[in-house]
Amino acid sequence: MAKLLLPRAGGQLYEYAPGEAKGFAAPAGPFRGRVAFSAAHVVCDPFADADPLNNAQIDWNATLAYRHHLWKLGLAVAEAMDTAQRGMGLDWNRSKELIRRSVAEARTVGGRIASGAGTDHLAPGPNVTLEDVEAAYEEQVGFVEGEGGQVILMASRALAACAKGPDDYERVYSRILGQVKRPVILHWLGDMFDPALAGYWGHKDDLDAAMDVCLRVIRANADKVDGIKISLLDADKEIRMRRLLPEGVNMYTGDDFNYPELIRGDEQGYSHALLGIFDAIAPAAAEALHALDRGDLARYEAVMEPTVALSRHIFQRPTYAYKTGIVFMAYLNGHQPHFRMIGGAEGARSIVHLAELFTLADKAGLLADPELAVQRMNRVLAVAGIV
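Bear in mind the structure is a predicted one, so any value in this text is a computation, not a measurement. (Residues numbered from 1 in each chain as written. Predicted model: local features only at pLDDT ≥ 70, side-chain atom pairs only at ≥ 80, totals over all residues. Heavy atoms only, no water.)

Trainee: Please clarify how the packing of helix 2 (residues 92-109) against helix 3 (residues 130-146) should be interpreted in this entry.
Mentor: Think of two packed helices as two axes; the pair is described by the angle between the axes and how far apart they sit. Closest axis-to-axis distance for the helix 2/helix 3 pair is 10 Å, and the angle between their directions is 20°. Between helix 2 and helix 3, the interaxial angle falls into the category roughly parallel. Considering the relative orientation of helix 2 and helix 3, their crossing is right-handed. Contacts from Trp92, Lys96, Ile99 and Arg100 in helix 2 reach Glu139, Gln140, Phe143 and Val144 in helix 3. Looking at side-chain class alone, the contact of helix 2 with helix 3 contains four nonpolar, one polar and three charged residues. (Axes fitted to C-alpha atoms, helices over the stretch in contact; angles between N-to-C directions. Helix = DSSP H or I, 4+ residues; strand = E, 2+ residues; numbered from the N terminus. Parallel < 35°, antiparallel > 145°, perpendicular 65-115°, else oblique. Left-handed = near helix turned anticlockwise from the far one by under 90°. Contact = heavy atoms within 4.5 Å. Nonpolar A, V, L, I, M, F, W, Y, C, P; charged D, E, K, R; others polar.)

Trainee: Can you help me understand helix 5 (residues 166-177) in this one?
Mentor: Taking 1.5 Å as the rise per residue, helix 5 with 12 residues should run 16 Å; its terminal C-alpha atoms sit 16 Å apart, in good agreement. In this structure, the buried residues of helix 5 make contact with helix 3, strand 6 (150-153), helix 4 (157-162), strand 7 (184-189), helix 6 (207-220) and strand 8 (225-231). (Expected span 1.5 Å × (residues − 1).)

Trainee: Please clarify how the pairing of strand 3 (residues 36-39) should be interpreted in this entry.
Mentor: Looking down a regular strand, the side chains alternate between one sheet face and the other. Of the two faces of strand 3, the one holding Ala36 and Ser38 and the one holding Phe37 and Ala39 are both buried throughout. Summarising the sheet, strand 3 and strand 10 (residues 272-275) pair through three bridges and their orientation is parallel. Along strand 10, the bridge assignment pairs phenylalanine 37 with leucine 274. In the sheet, strand 3 pairs with strand 4 (residues 76-79) via three bridges, with the strands oriented parallel. Residue phenylalanine 37 lies in a different strand from strand 4, and its bridge partner there is alanine 76. On the question of chirality, the crossover connecting strand 3 to the parallel strand 4 by way of helix 1 (residues 60-72) is right-handed. (Buried < 20%, exposed > 50% of the residue type's maximum accessible area, 1.4 Å probe, protein only. Pairing = 2+ DSSP bridges. Right-handed = clockwise from strand over helix to strand, strands pointing away.)

Trainee: How should I be thinking about the side chain of glutamate 79 in this particular structure?
Mentor: If you trace the backbone, glutamate 79 turns up in strand 4. On the basis of relative accessibility, which here comes to 0%, the residue glutamate 79 falls in the buried class. Of note is the side chain of glutamate 79, whose polar atom sits 2.6 Å from the side chain of serine 102. Residue contacts for glutamate 79: discarding those within four places in its chain leaves Ala40, Arg67, Leu98, Ile99, Ser102, Ile113, Ala114, Ser115 and Gly116. (Polar contact = N/O pair within 3.5 Å; in protein donor to acceptor, adjacent residues only side chain to side chain.)

Trainee: Honestly, the state of the cysteines in this entry has me stumped. Any pointers?
Mentor: Between two cysteines, a covalent bond joining their sulfur atoms is known as a disulfide. In the structure shown here, the tally under the stated rule is zero disulfides. Unpaired in terms of disulfides, cysteine 162 finds its nearest cysteine sulfur in cysteine 214, a separation of 18 Å. According to the relative accessible area criterion, cysteine 162 is buried, its value standing at 10%. (Disulfide = S-S within 2.5 Å.)

Trainee: Please explain the pattern of salt bridges as it appears in this structure.
Mentor: Oppositely charged side chains can form a pair if their charged atoms are brought close together. Inspection of the entire model under this criterion finds 21 salt bridges. The partner of arginine 264 in a salt bridge is glutamate 301, and the shortest N-O contact between them spans 2.3 Å. Here glutamate 301 lies in helix 11 (residues 297-314) and arginine 264 lies in helix 8 (residues 259-264), a separation of 37 residues in the sequence. Exposure remark for arginine 264: the relative accessible area of 27% places this residue in the partly exposed category. It is possible to trace a salt-bridge network through shared partners that takes in Glu131, Glu134, Glu138, Arg171 and Arg175. (Salt bridge = Lys/Arg side-chain N within 4 Å of Asp/Glu carboxyl O.)

Trainee: Help me out: how do you make sense of the pairing of strand 2 (residues 13-16) in this one?
Mentor: Only one face of strand 2 is covered, namely the one carrying Tyr14 and Tyr16; the face carrying Leu13 and Glu15 has none of its residues buried. In this sheet, strand 2 lies alongside strand 1 (residues 4-7) in antiparallel orientation, the contact comprising four bridges. Across the sheet, the residue bridging to proline 7 is leucine 13, located in strand 2. What sits between the antiparallel neighbours strand 1 and strand 2 is a turn of five residues, in which glycine 10 has the positive phi angle 100°.

Trainee: Sorry if this is basic, but what is going on with the packing of aromatic side chains here?
Mentor: For any pair of aromatic rings, the description consists of the separation of the ring centres together with the inter-plane angle of the planes. Under the defined criterion, the tally for this structure stands at 16 aromatic pairs. Pairing tyrosine 169 with tryptophan 201 gives two aromatic rings, centres 5.8 Å apart and planes at 45°, and the pair type is tilted. Within this pair, whereas tyrosine 169 is found in helix 5, its partner tryptophan 201 is found in the loop between strand 7 and helix 6, the two being separated by 32 residues in sequence. Ring geometry for phenylalanine 193 and phenylalanine 315: centres 6.2 Å apart, planes at 65°, overall edge-to-face. (Phe/Tyr/Trp six-rings, centres within 6.5 Å; stacked < 30°, edge-to-face > 60°.)

Keep in mind these numbers describe shape, not what the thing actually does.
Following this line, the structure appears as C-alpha cells:
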C-alpha cells in the first residue's frame, strides 16, 4: 500500500500507510430492534456557473445515489437536516426540491424517509412575532406532508429569538402538533450545533428545566409525536429524558459522541438513532445493528466502538463544522468525485484535521478502497502544498 506524507500541527510531516480494507457484512434485511436514521449530506455541483457561496447548485444524481446507498444498507434517511447544511448553505427553496426528489426516490425502493420542516425561510428579527413563527412552521410542515413525507419538526431560530419564555414554546408547538396528519419526530438541537438556538425551550443555562418544558409539550400531544431526537452530546441527559417519555414515544439519539452505549441501552430501555455520523459510518453501523438484533453484543461493540474516535474528531468544536468531515468521508470512499461543498464549507476544517480524520477512518476500517482513498487524500494534500 502506498504511503502518505501527512501533516501535524506546526508543519511537521510523517509517513502513514493505511491497512487493508476490512469490509463489513452485507445487510440481511431490515433491522428489527432499532430504527436507525442517517441524516444525509448533499453533493454540490462543482461545474455549475453560479455563486458558490450564496447560490450553490446540487448534483442531484450523486445526491440521490447516496440516499440509495443508505437505504440499501437498511438505514432510513433523515432529509434536509443540518447534515445537509440546512440553514448553513441549503435554504428552504432548495430544501423543497431536495425533499420532493428524495421522497419520490424512497417510494421506488420502499425506503423510509423523514424530512426536516422548520422556519428557516423566516429570518429572525425584532419584528418577528409568534404568529409569524407559527405561519412559517405551517408552511413547511404542509409542504412535507403534501409530498407524502413524515415530518421532523426542526428547532426554530426565529422562535428562539422572539420567545419570551417557556409558555411561548408550548403555545407554538401545541398549535403545530395539533395540525399534523401523522406523528412527527421532534428535534432538539443543542447550541453546539447551532449557536442561534441557545436557550431553547425558554431556559438558557438549565437543561433540566428546558427538558421539563419539552416533556410537557410531548405529554400534551403524545398521539402526534413519534419520538424526539436530542442532540445535546450529553448521554446522562438523554437517558434521563428517555426514561420520562410517555409510552409509545421514541427516543432517537442524536449524540454523535456516545451513540454506541445509547443505542445498546440498559435494563430500562434504549435509544433509536437519528445521527449525522451514520452518513460517514453507514456500513459499520448497519453491521453493528444486525449484530445487536442477533444478540451478539461482542460483535456490536467490536464494530461500533472503533468508530467513536472518528466521530468525536469529526464533531469536535466548532461542532457545526462537522459537515466538512462527513463530505470528506464520502469523497474518500468514492461516493462523489470531488471534495467541494455548498457554501464553500470544504474550507471549514484544516488540512491537519483532515489528515487525522483519514487515519481514524482507516483504523475503524471505514476506507472501503484504501488505494482510492490514498489517491484522493494526496490530491487534497497537494492543494495544501504537500507534495
